[in-house]
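Summary of the model geometry
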Amino acid sequence: MSTPDPFQTLRDEMVEKQLRERGIHDQRVLDAMRRVPRHMFVASELQHLAYRDCPLPIGENQTISQPYIVALMTELLHLTGTERVLEVGMGSGYQTAILCELTAQVYTLECVPRLAEQGAAALARLGYENVEIHIGDGSQGLPDMAPFDAILVAAAAPALPGPLRSQLSEHGGRMVLPVGDDKRQYLEVVVRQENRWEIERTIPVRFVPLVGRYGFSPRVWLEDSTEDE
Ligand code: SAH
C-alpha cells in the first residue's frame with residue numbers, strides 16, 4: 001500500500017496535525033494512517049476533502065468517520081498484529097483497511113448491502129485479503145467466528161450489546177464502542193478477563209445509530225444524523 005500518490009502530502013499533514021499533535025502515539029497506527037489512501041473510500045467529487053478533520057457523507061445517510069476518531073478507536077484496541085478482529089459498521093471500508101494493515105484477520109459486518117459492496121470493491125482494489133465481509137445485523141456479532149481478540153463498533157449502541165460482550169475473548173479481549181443516544185454518547189473501552197468485563201468511559205463522541213436487534217429502532221433516532229461520525 002506504499003505506492004506514492006498525489007495525496008501523500010495531505011495524508012502526512014493529517015497524521016501530524018490531526019493525530020500526533022492530539023496525542024495518538026501508537027507508531028503502528030500512525031504508519032497505517034499514513035499509508036491507507038482515505039480518498040479511495042469516498043466518492044470522486046469528495047476526494048479533495050478526504051484528509052480534512054471531519055466526517056464525510058458516503059451515501060445511505062451514513063458517514064466515513066473523522067480521521068482522529070478512526071485512529072483513536074484503533075489505538076484503544078492495542079493491536080499487535082496477531083489478533084482476530086470483528087468490526088461492526090463497515091461503512092466505507094476505510095476503518096476496515098486500517099485494521100487490515102494492523103492485524104492478522106478482520107471480520108466486518110455491514111447491514112446496508114450497497115455500502116458493503118462499495119466498501120468491498122475499494123478494499124479489493126487496494127489488495128487487502130485478510131478480511132471477510134458479512135452483510136447482516138452486526139449488533140448480534142458473528143457467533144460462528146467468535147471469540148474475537150478485539151471488537152470495534154462504528155455506530156452508537158444504546159447499551160453494550162450482549163452478544164458482542166460474550167463474543168469477546170475471555171483472555172483480555174478488548175472492545176471499543178460508542179454508547180449513548182442522539183444527544184449524548186461516550187466512547188467506551190471494554191476489557192474482558194474470564195467472566196469479568198471492565199468498562200472505561202473515554203471521550204464524548206457523535207456517531208450514527210447502531211440499528212438492529214441490540215441497537216436502536218431506526219425511527220427512534222432524529223433525522224439529522226447525516227452530519228455525524
Ligand atoms: N467506520 C465506518 C463508519 C460508517 S458509519 C467508516 O468510517 O466508513 C456506521 C456504519 O454502521 C454505517 O455504514 C451503518 O450502515 C452501519 N450499521 C449501523 N447499524 C448496524 C448494524 N446493526 N449492523 C451492521 N452495520 C450497522
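Residue positions are given per chain, counting from 1 as you read along its sequence in written order. Residues qualify for local features only when their pLDDT is at least 70, as the model is predicted, and side-chain atom pairs are given and counted only at 80 or more; totals for whole chains, interfaces and linings, by contrast, use all residues. Note: side-chain values were computed over all heavy atoms of the structure, leaving out hydrogens and water.

Further remarks concern the pattern of salt bridges. Salt-bridge detection follows one rule: a side-chain nitrogen of Lys or Arg within 4 Å of a carboxyl oxygen of Asp or Glu. On inspection of all chains with the given rule, the structure shows 11 salt bridges. One salt bridge in this structure joins Asp5 and Arg11, with 2.8 Å as the shortest N-O distance. A salt bridge links Glu198 to Arg196, with the nearest nitrogen and oxygen atoms 4.0 Å apart. Here Glu198 matches Arg196 in class, with each residue exposed. Burial here depends on accessible area, computed with a 1.4 Å probe over protein chains only, as a share of the maximum for the residue type. Under 20% is buried, over 50% is exposed, and the range in between is partly exposed.

The alternating pattern of strand E6 (residues 150-153) places Ala150 and Leu152 on one face and Ile151 and Val153 on the opposite face, and all of these are buried. Strand pairing is defined by DSSP finding a minimum of two bridges between the two strands. Helix numbers and strand numbers start at the N terminus; a helix is a DSSP run of H or I with at least 4 residues, a strand a run of E with at least 2. In terms of strand pairing, strand E3 (residues 84-88) meets E6 through 4 bridges, oriented parallel. Residue Val88 lies in a different strand from E6, and its bridge partner there is Val153. Note that E6 and strand E7 (residues 171-180) share 3 bridges and pair parallel.

What the 7 strands build is an open sheet, ordered E5-E4-E3-E6-E7-E8-E9; its pairing is mixed. With partners counted over all chains shown, the strands left at the sheet margins are strand E5 (131-135) and strand E9 (196-204), one partner each. Taking each pair of neighbouring strands and ignoring which way they run, the sheet shows an average axis angle of 15°. Strand direction decides the pairing type here: E7 and strand E8 (residues 185-193), joined by 9 bridges, are antiparallel. Note that in E8 the partner of His171 across the bridge is Gln193. Orientation is described by axes fitted as lines to C-alpha atoms, over the contacting stretch for helices, and by angles from 0 to 180 degrees between their N-to-C directions.

This part is about the site of the ligand. As a structural note, the neighbourhood of the ligand is formed by 24 residues, with Ser92, Glu110, Asp137, Gly138 and Val211 the closest of them. By the criterion applied in these results, polar contacts are pairs of N or O atoms within 3.5 Å in which, for protein atoms, one can donate a hydrogen and the other can accept it, and in which residues neighboring in sequence qualify only through two side-chain atoms. Residue Val211 places a main-chain N or O atom 2.8 Å away from a nitrogen atom belonging to the ligand. Calculation on the ligand without its partners gives an accessible area of 580 Å², and the protein chains cover 99% of this total. For the shell around the ligand, the elements supplying multiple residues, two or more each, are strand E2 (62-64) and strand E4 (105-110). Examining the composition of the shell around the ligand, we find that 3 residues originate from one element, E2, more than from any other. Charged residues are taken to be Asp, Glu, Lys and Arg, nonpolar residues to be Ala, Val, Leu, Ile, Met, Phe, Trp, Tyr, Cys and Pro, and polar residues to be all remaining types, Gly included. Split into classes, the residues belonging to the shell around the ligand amount to 12 nonpolar, 10 polar and 2 charged. Neighbouring residues are identified by heavy atoms, a residue being near a molecule or strand if any of them is within 4 Å of it. To be clear on the numbers: accessible area is Shrake-Rupley with a 1.4 Å probe, and residue cover counts the displayed protein chains and nothing else.

Another aspect to go through is helix H5 (residues 113-125). The terminal C-alpha atoms of H5 lie 18 Å apart, and with 13 residues this matches the ideal 18 Å at 1.5 Å per residue to within 8%. Of all the residues in H5, the buried ones are Leu115, Ala116, Gly119, Ala122 and Leu123. Mapping the buried residues of H5 onto a view down its axis gives an arc of 130°, with all of them on the same face. In H5, those exposed residues whose orientation departs by more than 90 degrees from the buried face are Glu117, Ala124 and Arg125. We call two residues in contact whenever any of their non-hydrogen atoms come within 4.5 Å of each other. In this structure, the buried side of H5 is in contact with strand E1 (56-59), E2, helix H4 (94-102), E4 and E5. A positive phi of about 85° marks Gly127, the residue just after H5. Between the first and last residue of a helix there are one fewer steps than residues, each counted as 1.5 Å, and that sum is the expected span. Throughout, the arc means that of the directions going from the helix axis to the C-beta atoms.

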